[in-house]
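Per-entry structural report
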Amino acid sequence: NAGVTQTPKFQVLKTGQSMTLQCAQDMNHEYMSWYRQDPGMGLRLIHYSVGAGITDQGEVPNGYNVSRSTTEDFPLRLLSAAPSQTSVYFCASSTAGTGYGTEAFFGQGTRLTVV
Amino acid sequence: GQNIDQPTEMTATEGAIVQINCTYQTSGFNGLFWYQQHAGEAPTFLSYNVLDGLEEKGRFSSFLSRSKGYSYLLLKELQMKDSASYLCAAPLRDDKIIFGKGTRLHILP
C-alpha cells in the first residue's frame, strides 16, 4: 500500500497563478483533510471531507477550493495564489471523522512558495 | 473559543524522562490526540485519549484529565531519534480538529 500520496513535493508559483495540489489514498478511508503548516502556527485545517461528494470548510478555507468525486482523491485548488499562501501543505486520511479517535495518516507534504 | 497550549521548546538528555504538557479549551470534548513530527517530515500518530488516566504504549505514555482540560505525553528512556516536534490536537464538533503549535523536543547526548 502506498498510503497517502501528495504531488507535487515542491512548487513555486507566481502571485495570481492557480494550481491544484493532488492527494490520493489507497486505504479506502472515508475522512480526508487538508492542512497548512506555517512556522510557529502549527497545523491548521483548510477543508475536509467525510466521504465522496461531501466537503466542508475548516479553520482557514479562504482562497482554496476542494472537491471529492471519489473516495480515493481529494485535490486542493488554489484559485489565485498569494504570498500569504506560502506554506507546507499536508493531506491526511483516516477511517472515520476526528471525533472517533481514529489515526490520521499524512502525506509527505507539499512545500509551496508564492513569489 | 477553542484553544490549545503547549510549550514551544524543551530540552532533555538521552536516557532521561521528559513530560510534555498540553492544556486545551474546547466546546465539548471528543478526546485528545498526540502526534510526532520529525523535521521536514509528516506527522505520525502516537496516541488518542478519551477517558481520564494514563495509557502506556512502550516508551511513550499519554495522560488525560478532562476535569482540568489537561494532558501530557511522557517519554521514557529518551533516544536521539526522539528529537522531534510533538503535536497535541483536539477534535471538535462536525469532524473538525484543532492542533496546538507543537513542542520541539531537543535531546542532548
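Scroll up to find the structure.
A few points on the structure.

Parameters and conventions
- Residues numbered from 1 in each chain as written.
- Chains lettered and ligands numbered in written order.
- Predicted model: local features only at pLDDT ≥ 70, side-chain atom pairs only at ≥ 80, totals over all residues.
- Heavy atoms only, no water.
- Disulfide = S-S within 2.5 Å.
- Helix = DSSP H or I, 4+ residues; strand = E, 2+ residues; numbered from the N terminus.
- Buried < 20%, exposed > 50% of the residue type's maximum accessible area, 1.4 Å probe, protein only.
- Core = buried A, V, L, I, M, F, W, Y, C linked by side-chain atoms within 4.5 Å.
- Contact = heavy atoms within 4.5 Å.
- 1 Å grid on protein atoms, 1.4 Å probe; cavity = no way out; pocket = protein on both sides within 12 Å on 5 of 7 lines; lining within 4 Å.
- Points joined across faces, edges and corners; volume = space filled by probe spheres on them.
- Nonpolar A, V, L, I, M, F, W, Y, C, P; charged D, E, K, R; others polar.
- Buried area = accessible area lost by both parts, 1.4 Å probe.
- Salt bridge = Lys/Arg side-chain N within 4 Å of Asp/Glu carboxyl O.
- Polar contact = N/O pair within 3.5 Å; in protein donor to acceptor, adjacent residues only side chain to side chain.
- Phe/Tyr/Trp six-rings, centres within 6.5 Å; stacked < 30°, edge-to-face > 60°.

1. A few points about the state of the cysteines
Residue and element names in this part refer to chain B.
- For the structure on display, the rule yields two disulfides over all chains.
- A sulfur-sulfur distance of 1.9 Å marks the disulfide that ties C22 to C88. Measuring the twist about the S-S bond at about -65 degrees, one finds the C22-C88 disulfide to be left-handed. Placement of the pair is C22 in strand β3 (residues 18-25) and C88 in strand β9 (residues 84-91), with a sequence separation of 66 residues. The residues C22 and C88 share a single accessibility class, namely buried.

2. Description of unusual backbone geometry
- The peptide bond linking T7(A) to P8(A) adopts the cis configuration, its omega dihedral lying at -5 degrees.
- For P8(A), the location among the structural elements is in the loop between β1 (4-7) and β2 (10-13).
- For D95(B), which is not a glycine, the phi torsion comes out positive at approximately 65 degrees.
- Here D95(B) shows up in the loop between β9 and β10 (97-99).

3. Points about the nonpolar core
- With 23 residues, the main nonpolar core has L32(B), W34(B), L75(B), Y86(B) and L105(B) as its most contacted residues.
- Apart from residues lying up to four places away in sequence, Y86(B) is in contact with Q6(B), I20(B), W34(B), Y35(B), Q36(B), L46(B), F60(B), L73(B), L75(B), G102(B), T103(B) and L105(B).
- Judged by nonpolar contacts, the second largest core, of 19 residues, contains C23(A), M32(A), I46(A) and V60(A).

4. Things to note about the layout of surface pockets
- Roughly 540 Å³ of volume is contained in the largest pocket.
- The set of elements that each furnish at least two residues to the lining of the largest pocket consists of β4 (31-38) and β9 (87-94) of chain A together with β9 of chain B.
- Class assignment for the residues of the lining of the largest pocket results in eight nonpolar, 13 polar and five charged.
- In this structure, the second largest pocket encloses a volume near 180 Å³.
- Lining the second largest pocket are M41(A), L43(A), R44(A), E59(A), Q2(B), N3(B), I4(B), D5(B), Q6(B), I98(B), F99(B) and K101(B).
- The set of elements that each furnish at least two residues to the lining of the second largest pocket consists of β5 (42-51) of chain A together with β1 (3-5) and β10 of chain B.
- Of all the elements, β1(B) adds the most residues to the lining of the second largest pocket, at three residues.
- Of the residues in the lining of the second largest pocket, the class split is five nonpolar, three polar and four charged.

5. Quick look at empty space enclosed by the protein
- A full pass over the atoms with the stated rule returns one cavity of 30 Å³ or more.
- Within this model, the largest cavity holds a volume of roughly 90 Å³.
- Around the largest cavity, the lining is made up of 15 residues, and of these Y35(A), T98(A), A104(A), Y35(B) and I97(B) lie nearest the centre.
- Listing elements by their share of the lining of the largest cavity, those giving two or more residues are β4 and β9 of chain A together with β4 (32-37) and β10 of chain B.
- Within the lining of the largest cavity, the residues separate by chemical class into ten nonpolar, five polar and no charged.

6. Concerning the interface of chain B and chain A
- Contact residues are listed per partner, giving 20 residues for chain B and 24 residues for chain A.
- A per-residue breakdown of the area chain B buries against chain A is headed by D95(B), F99(B) and K101(B), which together make up 30% of the total.
- Inspection of the region where chain B meets chain A yields zero salt bridges.
- Joining chain B to chain A, the criterion identifies six residue pairs in polar contact (both at pLDDT 80 or more).
- Of all the elements, β4(B) adds the most residues to the side of chain B that touches chain A, at three residues.
- Among the residues forming the side of chain B that touches chain A, the class breakdown is eleven nonpolar, four polar and five charged.

7. Observations concerning the packing of aromatic side chains
- Taken as a whole, this structure holds 15 aromatic pairs over all chains when the rule is applied.
- For the ring pair F33(B) and Y35(B), a centre distance of 5.9 Å and an interplane angle of 35 degrees mean the geometry is tilted. With respect to class, F33(B) is no different from Y35(B); both count as buried.
- With a centroid separation of 6.3 Å and an interplanar angle of 75 degrees, the aromatic rings of F33(B) and F45(B) are classed as edge-to-face. Of the two residues, F33(B) is situated in strand β4 and F45(B) in strand β5 (residues 44-49); the sequence distance between them amounts to twelve residues.
- Here the aromatic residues Y35(A), F90(A), F106(A), F33(B), Y35(B), F45(B), Y48(B) and F99(B) are joined through ring pairs into a cluster of three or more.

It is worth stressing that arrangement in space is one thing and function is another; only the former is reported here.
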